[in-house]
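Examination of the molecular architecture
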Amino acid sequence: MAEDEDRKLGQKLGRKEYDKLLEPMQEELVGMARWAAATGARIVVLFEGRDTAGKGGAIKAVGGQLNPRQCRTVALPAPSEREQGQWYFQRYIEHLPTRGEIVLFDRSWYNRAGVEKVMGFATGSEVKRFLKQVPVFERMLVDDGILLFKYWLACDQEKQEERLHERLDDPLKRWKLSPIDVAAREKYEDYTKAREVMLKATHKKHAPWTVVDFNDQRIGRLTLVRDLLDRLPDTKVEPQSIKMPKLNHAPYNEKFGVLKPIAGFDTE
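Residues numbered from 1 in each chain as written. Predicted model: local features only at pLDDT ≥ 70, side-chain atom pairs only at ≥ 80, totals over all residues. Heavy atoms only, no water.

Another point: the packing of helix H7 (residues 124-143) against helix H10 (residues 188-202). At a minimum axis separation of 9 Å, H7 and H10 run at an interaxial angle of 45°. When the axes of H7 and H10 are compared, the pair comes out oblique. With respect to the hand of their crossing, H7 and H10 are arranged in right-handed fashion. Across from Leu-131, Val-134, Pro-135 and Glu-138 in H7, the residues of H10 making contact are Val-197, Met-198, Ala-201 and Thr-202. (Axes fitted to C-alpha atoms, helices over the stretch in contact; angles between N-to-C directions. Helix = DSSP H or I, 4+ residues; strand = E, 2+ residues; numbered from the N terminus. Parallel < 35°, antiparallel > 145°, perpendicular 65-115°, else oblique. Left-handed = near helix turned anticlockwise from the far one by under 90°. Contact = heavy atoms within 4.5 Å.)

Below, the structure written as structure tokens:
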């Protein structure tokens, strides 16, 4: 109770407590992956939201402990000249999962209703056509048996500014800051309006949106993972029994040469 009260007063969730809360859910996610492999389920999770909201961390929380051969993250670059001449959904379709796979989209086809609309990369008629087509497209995915989950990660403009400056000042995070991110700073309200239009047009019973507060990213990740697990069907599949036979010889100990320190390097 005391920890909950402290958090209400503005105290952030500590790393150790976060890891403690996430670990049992990651065990459930591993169970989910085992269930998908056993049943042939196909799972698609879309991560959308404002710049700096925390999509990368949320994706890591979901897929970080899963077999990368089974769970793939898809983060497509800007479309090529050839892709620009295709049906808009075409380049996303090839990344959809086959039996037993999980695909996590770090941004998705909803780019058209967000950044492409706000930054002028798509015309008004293209956006209008997209909003009309996407519920039909997603209905086809769901009717074919794909389990589709759509998450919008929300953060306030003040928090976004704080994170943008953090990226600017941190050489290890600078790569996350793109010219588009900088240009989008002045269009916060435009993105808000675009999001509301998008949610109204594409929040359907067969493919609903879930909006998650990511002003506190750790709490946001825990909330998202818990929601995803709760919305999946019963994924209880016992792990395969593996027996380790005894070695018929004594363990072999490899002999390694001693790596000498670089001259002038203090090893103390």
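Okay, helix H11 (residues 217-231) next. In a regular helix each residue adds 1.5 Å, so 15 residues correspond to 21 Å; H11 covers 21 Å between its end C-alpha atoms and thus fits that length. Of all the positions in H11, only Gly-220, Arg-221, Leu-222, Leu-224, Val-225, Leu-228 and Leu-229 are classed as buried. Where H11 begins, the capping side chain belongs to Asp-216, and its oxygen is found 3.2 Å from the backbone nitrogen of Arg-218. (Expected span 1.5 Å × (residues − 1). Buried < 20%, exposed > 50% of the residue type's maximum accessible area, 1.4 Å probe, protein only. Polar contact = N/O pair within 3.5 Å; in protein donor to acceptor, adjacent residues only side chain to side chain.)

So, about the side chain of Glu-48. Relative to the helices and strands, Glu-48 resides in strand S1 (residues 43-49). The side chain of Glu-48 sits in the buried core without any salt bridge; Arg-107 is the nearest counter-charge, 4.0 Å away. A polar side-chain atom of Glu-48 sits 2.6 Å from a polar atom in the side chain of Ser-108. In this structure Glu-48 touches Lys-55, Arg-107, Ser-108, Tyr-110, Asn-111, Tyr-151, Trp-152, Leu-153 and Trp-209, once residues within four positions along its chain are discounted. (Lys, Arg positive; Asp, Glu negative; His and termini not counted. Salt bridge = Lys/Arg side-chain N within 4 Å of Asp/Glu carboxyl O.)

Another aspect to go through is the confidence of the model for the protein. For the protein, per-residue confidence averages 89 on the pLDDT scale, and 94% of positions sit at 70 or higher. Every residue in residues 5-9 is under pLDDT 50, and counting partners more than four places away or in other chains gives four contacts. (pLDDT = per-residue confidence, 0-100.)

Glancing now at the layout of surface pockets. What the second largest pocket holds in volume is close to 250 Å³. For the second largest pocket, the full set of lining residues is Arg-15, Tyr-18, Asp-19, Leu-22, Glu-23, Gln-26, Gly-57, Lys-60, Ala-61, Gly-64, Gln-65 and Arg-221. For the lining of the second largest pocket, the secondary structure elements donating two or more residues are helix H2 (15-39) and helix H3 (55-63). With six residues, H2 is the single largest residue contributor to the lining of the second largest pocket. For the lining of the second largest pocket, the per-class residue count stands at three nonpolar, four polar and five charged. (1 Å grid on protein atoms, 1.4 Å probe; cavity = no way out; pocket = protein on both sides within 12 Å on 5 of 7 lines; lining within 4 Å. Points joined across faces, edges and corners; volume = space filled by probe spheres on them. Nonpolar A, V, L, I, M, F, W, Y, C, P; charged D, E, K, R; others polar.)

With that out of the way, let us pick up the packing of aromatic side chains. According to the stated counting rule, one finds 13 aromatic pairs in the structure shown. With a centroid separation of 5.1 Å and an interplanar angle of 55°, the aromatic rings of Trp-87 and Phe-89 are classed as tilted. Among the residues examined, Trp-87 registers a relative accessible area of 43% and is labelled partly exposed. Each residue in the set Trp-87, Tyr-88, Phe-89, Tyr-92, Phe-105, Trp-109, Tyr-110, Phe-130, Phe-137 and Trp-209 is aromatic and connected to the rest through ring pairs, giving one cluster. The ring of Tyr-188 carries Arg-50 above its face, with NZ or CZ at 3.6 Å from the centroid. (Phe/Tyr/Trp six-rings, centres within 6.5 Å; stacked < 30°, edge-to-face > 60°. Lys NZ or Arg CZ within 6 Å of the ring centre and 35° of its normal.)

Under the counting rule described, the total for this entry stands at 15 salt bridges. The salt bridge involving Asp-143 is made with Arg-139; its shortest N-O contact spans 3.4 Å. Of this pair, Asp-143 and Arg-139 both sit in helix H7, four residues apart, which is roughly one turn of that helix. When the shortest N-O distance is used, the salt bridge between Lys-173 and Glu-166 registers 2.6 Å. What emerges from the salt-bridge pattern is a single network uniting Glu-28, Arg-226 and Asp-230.

A separate point is the UniProt feature "domain: Polyphosphate kinase-2-related" (unreviewed entry) in the protein. UniProt marks residues 14-237 with the feature "domain: Polyphosphate kinase-2-related" (unreviewed entry), using the numbering shown here. Helix and strand shares over residues 14-237 are 51% and 13% respectively, and the end C-alpha atoms of the span are 33 Å apart. (UniProt positions renumbered as here; feature names shortened; annotations may be inferred.)

Next up on the list: the packing of H2 against H3. Viewed as axis vectors pointing N to C, H2 and H3 meet at an angle of 55°, and their least axial separation amounts to 8 Å. Classified by the interaxial angle, the pair formed by H2 and H3 is oblique. Seen from H2, the contacting residues are Tyr-18, Leu-22, Gln-26 and Leu-29; seen from H3, they are Lys-60, Ala-61 and Val-62. Residue classes in the contact of H2 with H3 are distributed as five nonpolar, one polar and one charged.

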